[in-house]
Amino acid sequence: MSVESSTILITGATSGIGEAAARYLVKKGATVLLVGRSENKLKDLKNELGDTVYTFVYDFADLDNI
């Protein structure tokens, strides 16, 4: 399956599997939308991974905001 030219949403993007998936998918040519709780970590990832990364600070555990 090719992800080139796809847009993919990743939650929990600032660590673990989410971060690894973001790195992998960018290398494969995808545009990635990264969602995480840490604004600083998201900014660092965007700076490292480039212009095909868009970040959103959000906490899905905050039920009042969902």
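The structure contained in this document is the topic of the report that follows. Residue indices follow the written sequence of each chain, beginning from 1 at its first position. At least 70 in pLDDT is required for a residue's local features to be given in this predicted model, at least 80 for side-chain atom pairs to be given and counted, and no such filter applies to totals for whole chains, interfaces and linings, which use all residues. Calculated side-chain values reflect all of the structure's heavy atoms, with hydrogen atoms and water omitted.

It is worth spelling out the environment of Ala-20 at this point. Checked against the element boundaries, Ala-20 lands in helix H1 (residues 16-27). Three labels apply to residues, based on accessible area from a 1.4 Å probe with only protein chains included: buried if under 20% of the type maximum, exposed if over 50%, partly exposed otherwise in between. By relative accessible area, which is 45% here, Ala-20 ends up partly exposed. Ala-20 sits 18 residues away from Ser-38 along the chain, and the two C-alpha atoms are 16 Å apart. In this description a helix means any DSSP run of H or I spanning at least four residues, a strand means any run of E spanning at least two, and both kinds are numbered starting from the N terminus.

Exposure above 30% relative accessible area and the absence of a salt bridge qualify a residue for a patch, where like charges join within 9 Å and nonpolar side chains (Val, Leu, Ile, Met, Phe, Trp, Tyr) within 5 Å. Exposure was quantified through the Shrake-Rupley algorithm and a 1.4 Å probe, taking into account, for residues, occlusion by the shown protein chains and nothing else. A side-chain nitrogen of Lys or Arg and a carboxyl oxygen of Asp or Glu constitute a salt bridge if their distance falls within 4 Å. On the surface, Phe-60, Leu-63 and Ile-66 cluster together into a nonpolar patch covering about 360 Å² of accessible area. With respect to the secondary-structure elements, Leu-63 resides in the segment after strand S3 (53-57). Judged by relative accessible area, which is 67%, Leu-63 ranks as exposed.

To continue, consider unusual backbone geometry. The phi torsion at Ser-5 lies on the positive side, around 70°, for a residue other than glycine. Looking at the secondary structure, you find Ser-5 in the segment before strand S1 (7-11). Given the relative accessible area of 67%, Ser-5 is considered exposed.

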